[in-house]
Amino acid sequence: MTGTDVLVEVRDLKVHFPIKRGVLFDRTVGHVKAVDGVDLTIVRGRTYGLVGESGCGKSTLGRALLQLTPPTSGAVTFDGTDLTRLPAGKLRAMRRRMQMIFQDPMSSLDPRQNVESILTEGLHTHGIGGNRDERRQIIGETLDKVGLPRWALSRYPHEFSGGQRQRIGIARALVLGPDLIVADEPVSALDVSIQAQVVNLLDELQDSLGLTYLVIAHDLAVVRHISDTVGVMYLGALVEEAPSDRLYTEPLHPYTRALMSAVPVPDPDVEDRRERILLAGDLPSPANPPSGCRFHTRCPWAQPTRCADERPALREIGDSRVACHWAERIASGELRPHEVRPQLTRPEGEGEDPSVVSAPTEPGSYV
């Protein structure tokens, strides 16, 4: 892969939100580490899928990539330009090439604007189109691309179904002719049949327009269908990255294996034979993440020698990158899983000392 193939490069990106307390004067007593040291690369014309539990930092990472949420530190390079160092005026101009499809199409579309006003707003902002007729021509062609009729221009968001509203959101992102689209849960609020239509639409638009996507989703089947490369996030960090087919057939990180074991399989014979991993306990607080490997408190392969003390870096194994000390030994079967007792950790600042309280699990369950 050459430098010209890379459209987006993220290096050591961190987004920490301050925790404030006080009656008269707010004071910072800690930070929520929503994104904590993420490195990833998105290839031009390809789709990068991002998966993980709720609260792991996926949406924050997507917004930070577009500078909608200011990063605490790190670099986001878009087509050779570090966005974190751009002044406001140049960043605003650059945003024409980077657009976002938001998760909830109803809350992200202004109910007081009709479709024509929604789509024309970006054209006005960036000075595209010399007059109203030219702008109507641009937005009319964009509606054709997303499968909406021209008469939709005079209607308001509440007059459309959920799938149609999402198509309006896609049209709003497309109308400026972007190179990159960040799609945050683009189908999670839709029925299954409508999900397939929207996913197929995104595929068709990528083929015809050469778009690059970052797709954030919970639905692992959707991510597998649309993505070339998939990254798995856990508690603000990237724990595994691999080509889509490789990740789904040979997951290396224990957390990825747990996610894959939860995907329903229609064949009962396969369902009976495959690995089943049940995660114990809840996701730790990002305000007080565990030391060492952040997954070790829930990992059935965790080893006391390193996992609790040393945070693993992403390292290459074949065509994958994985942040686990024991990935090869787990994959070979040399390390066997053990029972995990879920741990409840007090947030920083509560009580005299942050302590860990263990709770028993059901017999035979692990992770």
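Residues numbered from 1 in each chain as written. Predicted model: local features only at pLDDT ≥ 70, side-chain atom pairs only at ≥ 80, totals over all residues. Heavy atoms only, no water.

- The protein chain has the name Dipeptide/oligopeptide/nickel ABC transporter ATP-binding protein in an unreviewed UniProt entry, where Micromonospora rosaria is given as its organism.

1. With respect to the confidence of the model for the protein chain
Next up, step 1: On average, residues of the protein chain score 86 in pLDDT, and 89% of them reach the 70 mark or higher.
Next up, step 2: Within the protein chain, no element has a lower average pLDDT than strand β14 (residues 356–358), which sits at 35, and none a higher one than strand β4 (residues 73–78), at 96.
Next up, step 3: Note that pLDDT drops below 50 for residues 349–367; the model gives that stretch 46 contacts with residues more than four away or on any other chain. (pLDDT = per-residue confidence, 0-100. Helix = DSSP H or I, 4+ residues; strand = E, 2+ residues; numbered from the N terminus. Contact = heavy atoms within 4.5 Å.)

2. Considering the packing of aromatic side chains
Next up, step 1: The final tally for this structure, using the stated rule, is three aromatic pairs.
Next up, step 2: Aromatic pair tyrosine 234 and phenylalanine 295: ring centres 5.1 Å apart, planes at 85°, arrangement edge-to-face. With a gap of 61 residues between them, tyrosine 234 in strand β9 (residues 229–234) and phenylalanine 295 in the loop between α11 (268–273) and β11 (315–317) connect regions that are remote in the sequence.
Next up, step 3: The exposure class assigned to phenylalanine 295 is buried, which follows from its relative accessible area of 2%.
Next up, step 4: Aromatic pair tyrosine 255 and phenylalanine 295: ring centres 5.4 Å apart, planes at 65°, arrangement edge-to-face. Here tyrosine 255 is found in helix α10 (residues 254–261), whereas its partner phenylalanine 295 is found in the loop between α11 and β11, with 40 residues between them in sequence. With respect to class, tyrosine 255 is no different from phenylalanine 295; both count as buried. (Phe/Tyr/Trp six-rings, centres within 6.5 Å; stacked < 30°, edge-to-face > 60°. Buried < 20%, exposed > 50% of the residue type's maximum accessible area, 1.4 Å probe, protein only.)

3. Points about the pattern of salt bridges
Next up, step 1: By the definition in use, this model includes 18 salt bridges.
Next up, step 2: Ionic pairing is found between glutamate 53 and arginine 298, a salt bridge with its closest N-O pair at 3.1 Å. With a gap of 245 residues between them, glutamate 53 in the loop between β3 (47–51) and α1 (58–65) and arginine 298 in the loop between α11 and β11 connect regions that are remote in the sequence.
Next up, step 3: Relative accessible area serves as the criterion here: at 4%, arginine 298 is assigned to the buried category.
Next up, step 4: Linking aspartate 144 and arginine 150 is a salt bridge whose minimum nitrogen-to-oxygen distance equals 2.8 Å. (Salt bridge = Lys/Arg side-chain N within 4 Å of Asp/Glu carboxyl O.)

4. Some details on unusual backbone geometry
Next up, step 1: With a phi close to 50°, aspartate 12 is a non-glycine residue in the positive phi region.
Next up, step 2: Relative to the helices and strands, aspartate 12 is located in strand β1 (residues 6–21).
Next up, step 3: In this structure, leucine 235 is a non-glycine residue whose phi angle is positive, near 55°.
Next up, step 4: Here leucine 235 shows up in the loop between β9 and β10 (237–243).

5. Some remarks on the sheet that holds β11
Next up, step 1: Spatially, β6-β7-β8-β3-β9-β10-β12-β11 is the arrangement adopted by the eight strands of the open sheet, whose pairing is mixed. Either end of the sheet is taken by a strand with one partner, and the two such strands are β6 (98–101) and β11. Across the sheet, the mean angle separating the axes of adjacent strands is 20° when strand polarity is ignored.
Next up, step 2: Examined bridge by bridge, β6 and strand β7 (residues 180–184) share four bridges and lie parallel to one another. The residue of β7 that forms the bridge with methionine 98 is leucine 180.
Next up, step 3: Contacting β3, β6 and β8 (212–216), helix α7 (residues 192–209) crosses the sheet at an angle of about 160° to β8.
Next up, step 4: Against the sheet, α10 engages β9 and β10, with an angle of about 105° to β9. (Pairing = 2+ DSSP bridges. Axes fitted to C-alpha atoms, helices over the stretch in contact; angles between N-to-C directions.)

6. So, the side chain of glutamine 166
Next up, step 1: Among the secondary structure elements, glutamine 166 is positioned in helix α6 (residues 162–174).
Next up, step 2: For glutamine 166, a relative accessible area of 2% corresponds to the buried category.
Next up, step 3: Apart from residues lying up to four places away in sequence, glutamine 166 is in contact with Ile101, Phe102, Gln103, Pro105, Glu185, Pro186, Val187, Leu190 and Val198.

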